[in-house]
Amino acid sequence: MKVIYPGSFDPITIGHLDIIKRLNKMFDEVVIAILINEAKHSLFSIKERKQLIENEIKEFQLDNVKVKTFEGLLVDFAKKENSKIIIRGLRAVTDYEYEMNIAQFNSSLYEDLETIFLLSDPKFSFISSSGVRELASFGGDVSKFVSKNVKKAIYEKNKLGGKN
Ligand code: PNS
């Protein structure tokens, strides 16, 4: 079975990585789909985000996982990929309303599409890419929230190399 795990991944956190490792064990094919959204200001380019995720896939030998990018509607990407299963992580009840709304929009646009929610490991339930970006922008230590490789990339980007 092939599933799509979409998101912005700006950047990938250890919470995302935990979900991806779990998906790798559960499904034959996992497509991580990075949304190309020119309107949204991002820390990392699409190419950089893809590379950061690919490094993790290689490091943890997540053989069932691939990374792709998409523009426009997620349902169109899912159709193109021949998959009817979207995966989203739920960190806390505050994610639920937003996710339920998107899942219902998506299933009304694409018959038989299912959204499967994986609960975050409680250890990671407060971690978000936006929190990591903000922390890093003020020189905070992001080591507990992203991999070493992502940390390095963030500090190079923010030119904060000497601070942590
Ligand atoms: O990591 P994020 O930013 O929470 O991911 C959100 C994402 C990319 C899954 C969502 O914004 C999305 O699927 N966008 C594509 C446009 C779309 O299909 N929207 C849903 C119908 S309203």
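In case you missed it, the structure is sitting above this.
Quick look at the structure, then. Please read these numbers as outputs of a predicted model, since none were measured by experiment.

1. Structural notes on the side chain of Ser 120
Next, step 1: Positionally, Ser 120 belongs in the loop between strand E5 (114-119) and helix H5 (129-137).
Next, step 2: Setting aside anything within four residues of it in sequence, one finds Ser 120 in contact with Arg 22, Leu 90, Arg 91 and Ser 125.

2. Quick word on unusual backbone geometry
Next, step 1: Between Asp 10 and the following residue, Pro 11, the backbone shows a cis peptide bond with an omega angle of 0°.
Next, step 2: Examined against the element boundaries, Pro 11 turns out to sit in the loop between strand E1 (2-7) and helix H1 (14-26).
Next, step 3: Residue Asn 82 is not a glycine yet carries a positive backbone phi of 60°.
Next, step 4: Along the chain, Asn 82 falls in the loop between helix H3 (74-80) and strand E4 (85-90).
Next, step 5: Among the residues examined, Asn 82 registers a relative accessible area of 70% and is labelled exposed.
Next, step 6: Positive phi, close to 75°, is recorded for Asp 112, a residue that is not glycine.
Next, step 7: Tracing the chain through its elements places Asp 112 in the loop between helix H4 (93-109) and E5.

Reading guide: rules and limits
Residues numbered from 1 in each chain as written. Predicted model: local features only at pLDDT ≥ 70, side-chain atom pairs only at ≥ 80, totals over all residues. Heavy atoms only, no water. Helix = DSSP H or I, 4+ residues; strand = E, 2+ residues; numbered from the N terminus. Contact = heavy atoms within 4.5 Å. Buried < 20%, exposed > 50% of the residue type's maximum accessible area, 1.4 Å probe, protein only.

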